[in-house]
Amino acid sequence: MTVPERISALRSLMEEKGYDVYLVPTDDSHQSEYVGEYFKARAFITGFTGSAGTAVITKTDAGLWTDGRYFIQAAAQLEGSGITLFKAGQPDVPTIEAYITDVIPEGGTLGFDGRVVAMGQGQALKAALAAKNARIDYSEDLIDRIWEDRPALSTKPAFALSVEYTGESTADKLSRIREAMKKEGADVHILAALDDICWTTNLRGNDIEYFPLLLSYAVITMDDMKLYVDETKLTAEMKESLAKDGISIHPYNAVYEDIKGLSAKDGVLVDPSRLNYALYNNIPKEAKVIEQMNPEVLMKAMKNDTELKNIVNAHIKDGTAVTRFMCWLKKNIGKTEITEISAAKKLDSFRREQEGYLWQSFEPICGSGEHGAIVHYAATPETNVPVTTNGLFLTDTGGGYMEGSTDITRTFAFGELTDRMKEDFTTVLLCNLHLARAVFPHGISGFNLDAMARTPAWERGMDYNHGTGHGVGYLMNIHEAPAGFRCAVREKERNILEPGMVITNEPGIYIEGSHGIRIENEMIVRKGPKTEYGQFLYFEPITYVPIDLDAVDPDMMKQEDKDQLNAYHEKVYELISPHLNDEEKEWLKEYTRAI
């Protein structure tokens, strides 16, 4: 079926059910940012394949909301579908709640699958619809009834991380979680977020492409923990280890009925952004529901010393692979055909040579020339083009290692660049450097610092339509709450910056139809001096790959900028050169030269 045919089939089911509006989000049953093939209902109904977006279907209209990373991609993929693109966050663009409230008739019905809508969003929709005396029916997954060849749920096996990688046992993590529950007056804690469960159990899975997550739910009490998972994914050794920590195994979907058995005396801790609406509504009304951010969110974001040591080692391995790739590109461009897809495969081959490498940590973004202006561009056989021999090539890629996940963006220059390209590249470099050298007192959030990164772009009357950085999980989600750099506060990134957090620094400039530039390093939040004004913090960059000097205009840089870049490149050479052959070392010396 075509997208219009799918929407038509959906409208027939809406008529049958008495739905005036039907909501199809990106999420799975765990509010994951990226989802397995079974859960890609929004992509199925709209044809838009980006990682963020929500579809709203009415009896006569259809709309898709997505953010600035995907405006160009969504416009292209929605063409001819009859679906209107709503550019979220832009002036005069209504929110999803406002739109639904406006179009739904008095006393109408909004339908959605309650398992894939977050508790908080469901509550907000219910409150908004009260103005129209409208109701919600969250009982039906209508997409399932028209998706004839829907993929099955993943059955891939799980794997466990030992304490040499995690730095903390499951027993110790559960002890900390229970202390946090006590402080909130809770004796039951329901978990649906996959990364929170994987962090707690020290288990990983392969149920979402690129992301080592295990489809599961959990309920933690003061005495035990129930893990709801497909038992066939676990080895006998894993089950034995879990049992020693008081963790029992239950069927994946049994959690929905089990939750109904809670009582009035139970204080139930839930996170409205990380629990689905159907599960929330199965909690008995007489139970005391305590709505707070899951304690695991901040615990896992603040990496321990073992994790940080491992993460730095992962970046040395990854830096070696990406540096070798950069050298290979520079020496071979124009001599042999290199396309966006073949370049991504070549980079992955360099990573595969590194010990402990598992797989790419997200779908590679490799955009040549004008494709670089599409923030989250993913090359397909239909869009794949040769890497430009005169211009810029943006690569945003990462590796999943036993020592952690990496996320790096480098924009490479080849042949003749225009003055505009060099100005834009150097501006992005200055944005990156400005943020990297920030020193700030404890209590500051990424929102407070975001302007430091954007100032060099703002001074040229330019900006970029995405956040400046996000937290990074330890062999888990590549985008990790609860902190990030963003000029508008988002609930999941509003936390203050804490020592041990790993966070990206990735400003960019995108010129549609011409080029895109992004420079991304990961950084560790470190403790600095403590003075009468409090504990100060700073950033330690831990991505070790040259920034392409062929695209830099030194005349745009102040001496402190040059000194900072030179010191960074000196560190890159120190850590990466021992892992290269003589030819690569000589090349690296040139590309880390002082300017």
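Structure shown above.
In this report, the structure presented in the accompanying data block is examined. (Residues numbered from 1 in each chain as written. Predicted model: local features only at pLDDT ≥ 70, side-chain atom pairs only at ≥ 80, totals over all residues. Heavy atoms only, no water.)

### Some thoughts on the nonpolar core
Formed by 137 residues in total, the largest nonpolar core has its most connected members in L23, I100, L110, I190, L279 and I283. Among the elements that line this core, the one with the most residues is helix α14 (residues 305-332), at 10 residues. With residues up to four places along the chain from it excluded, the contact list for L23 reads T54, A55, V56, I96, I100, L110, G111, F112, V117, Q121 and L125. Membership of the second largest hydrophobic core comes to 25 residues, among which are V3, L13, A62 and A74. (Core = buried A, V, L, I, M, F, W, Y, C linked by side-chain atoms within 4.5 Å. Buried < 20%, exposed > 50% of the residue type's maximum accessible area, 1.4 Å probe, protein only. Helix = DSSP H or I, 4+ residues; strand = E, 2+ residues; numbered from the N terminus. Contact = heavy atoms within 4.5 Å.)

### Some words on the sheet that holds strand β17 (residues 391-397)
Judged by pairing direction, the sheet is antiparallel, and its 3 strands sit side by side in the order β16-β17-β20 without closing on themselves. Two strands close off the open sheet at either side, each with one partner strand: β16 (365-368) and β20 (408-414). For this sheet the average axis-to-axis angle between neighbouring strands, irrespective of direction, equals 10 degrees. In this sheet, β20 lies alongside β17 in antiparallel orientation, the contact comprising 7 bridges. Residue pairing across strands places G391 opposite F414, the latter belonging to β20. Relative to the sheet, α14 contacts β17 and β20, its axis offset from that of β20 by approximately 15 degrees. (Pairing = 2+ DSSP bridges. Axes fitted to C-alpha atoms, helices over the stretch in contact; angles between N-to-C directions.)

### A few points about the environment of H515
On the secondary structure map, H515 appears in strand β26 (residues 515-518). Taking C-alpha positions, H515 is 4.9 Å from G369, a pair spaced 146 residues apart along the chain. At a separation of 2.7 Å, a polar atom in the side chain of H515 contacts the side chain of S514. (Polar contact = N/O pair within 3.5 Å; in protein donor to acceptor, adjacent residues only side chain to side chain.)

### Details of the side chain of T58
Looking at where T58 falls in the secondary structure, it is placed in strand β2 (residues 54-58). Classification of T58 by relative accessible area gives buried; the value is 7%. Looking at T58, its side chain comes within polar contact range of the main-chain nitrogen of D61, at 2.8 Å. If we ignore the near neighbours within four places in the chain, the residues touching T58 are R11, M14, D20, V21, Y99 and V103.

### Notes on helix α19 (residues 582-591)
Of all the residues in α19, the buried ones are E584, W587, L588 and Y591. Along α19, the residues classed as buried sweep out an arc of 100 degrees about the axis, all on the same side. Projecting away from the buried face of α19 at angles above 90 degrees are the exposed residues D582 and E586. Where α19 is buried, its residues meet α14 and α18 (559-576). Near the N-terminus of α19, the side chain that reaches the backbone nitrogen of E583, with its oxygen 3.2 Å away, is that of N581. (Arc of directions from axis to C-beta.)

### Section: the environment of R490
Residue placement: R490 occurs in the loop between β23 (480-485) and β24 (502-505). Between the C-alpha atom of R490 and that of Y228, which follows or precedes it by 262 residues, the distance is 30 Å.

### Digging into the packing of α18 against α19
Helices that pack against each other are described as a pair by the angle of their axes relative to one another and the distance between those axes. Contact geometry for α18 and α19: axes closest at 10 Å, N-to-C directions at 170 degrees. Considering the angle they form, α18 stands roughly antiparallel to α19. For the pair formed by α18 and α19, the contact residues are H569, V572, Y573 and I576 on the first element and K585, L588, K589 and Y591 on the second. Across the contact of α18 with α19, the residue classes tally to 5 nonpolar, 1 polar and 2 charged. (Parallel < 35°, antiparallel > 145°, perpendicular 65-115°, else oblique. Nonpolar A, V, L, I, M, F, W, Y, C, P; charged D, E, K, R; others polar.)

### What about the sheet that holds strand β8 (residues 188-191)?
Spatially, 6 strands are ordered β12-β11-β10-β8-β13-β14 in an open sheet, and the strand pairing comes out mixed. Pairing within the sheet leaves two strands with one partner each, and these edge strands are β12 (247-250) and β14 (288-291). Recorded for the sheet is a direction-independent mean angle of 20 degrees between the axes of neighbouring strands. With 4 bridges joining them, strand β10 (residues 217-221) and strand β11 (residues 225-228) adopt antiparallel strand pairing. Pairing of V219 across the sheet is with K226, part of β11. Strand contacts of helix α9 (residues 194-201): β8, β10, β11 and β12, with the helix running at about 125 degrees to β11, the strand carrying the most contacts.

### Comments concerning the packing of helix α8 (residues 170-184) against α9
The N-to-C vectors of α8 and α9 enclose an angle of 125 degrees; their axes lie 7 Å apart at closest approach. Relative to α9, α8 is oriented oblique. Contacts between α8 and α9 involve T170, K173, L174, R176 and I177 on the former and, on the latter, W199, T200 and T201. When the residues that make up the contact of α8 with α9 are grouped by side-chain class, the tally is 3 nonpolar, 3 polar and 2 charged.

### Considering the pattern of salt bridges
Side-chain pairing between opposite charges can occur once the charged atoms of the two side chains come close. Here the structure, examined in full by the defined rule, presents 40 salt bridges. A salt bridge links R176 to E168, with the nearest nitrogen and oxygen atoms 2.8 Å apart. The salt bridge partner of R518 is E506, with a shortest N-O separation of 3.8 Å. Of the two residues, R518 is situated in strand β26 and E506 in the loop between β24 and β25 (508-511); the sequence distance between them amounts to 12 residues. E506 matches R518 in its accessibility class, with the two residues each being buried. Three or more residues are tied together by salt bridges with common partners; here these are D113, R115, D141, D144 and R150. (Salt bridge = Lys/Arg side-chain N within 4 Å of Asp/Glu carboxyl O.)

### Some details on the packing of aromatic side chains
Taken as a whole and judged by the stated rule, the model has 20 aromatic pairs. With a centroid separation of 4.7 Å and an interplanar angle of 20 degrees, the aromatic rings of Y34 and F211 are classed as stacked. Note that Y34 is positioned in the loop between β1 (21-24) and α2 (41-46) and F211 in the loop between β9 (203-204) and β10, a separation of 177 residues in sequence. Between the aromatic rings of F48 and Y70, the centroid separation amounts to 5.6 Å while the plane-to-plane angle is 80 degrees, which identifies the pairing as edge-to-face. Residue F48 is found in the loop between α2 and β2, and its partner Y70 is found in the loop between β3 (62-66) and α3 (71-78); the two are separated by 22 residues along the sequence. (Phe/Tyr/Trp six-rings, centres within 6.5 Å; stacked < 30°, edge-to-face > 60°.)

### Regarding unusual backbone geometry
The residue after A481, namely P482, is reached through a cis peptide bond having omega 10 degrees. Looking at where P482 falls in the secondary structure, it is placed in strand β23. Backbone geometry places N133, a non-glycine residue, at a positive phi of 55 degrees. Along the chain, N133 turns up in the loop between α5 (119-129) and β6 (135-137). Given the relative accessible area of 56%, N133 is considered exposed. Its identity is not glycine, yet N202 carries a phi of approximately 60 degrees, on the positive side. Note on placement: N202 falls in the loop between α9 and β9. Accessibility expressed as a relative area gives 6% for N202, which makes it buried.

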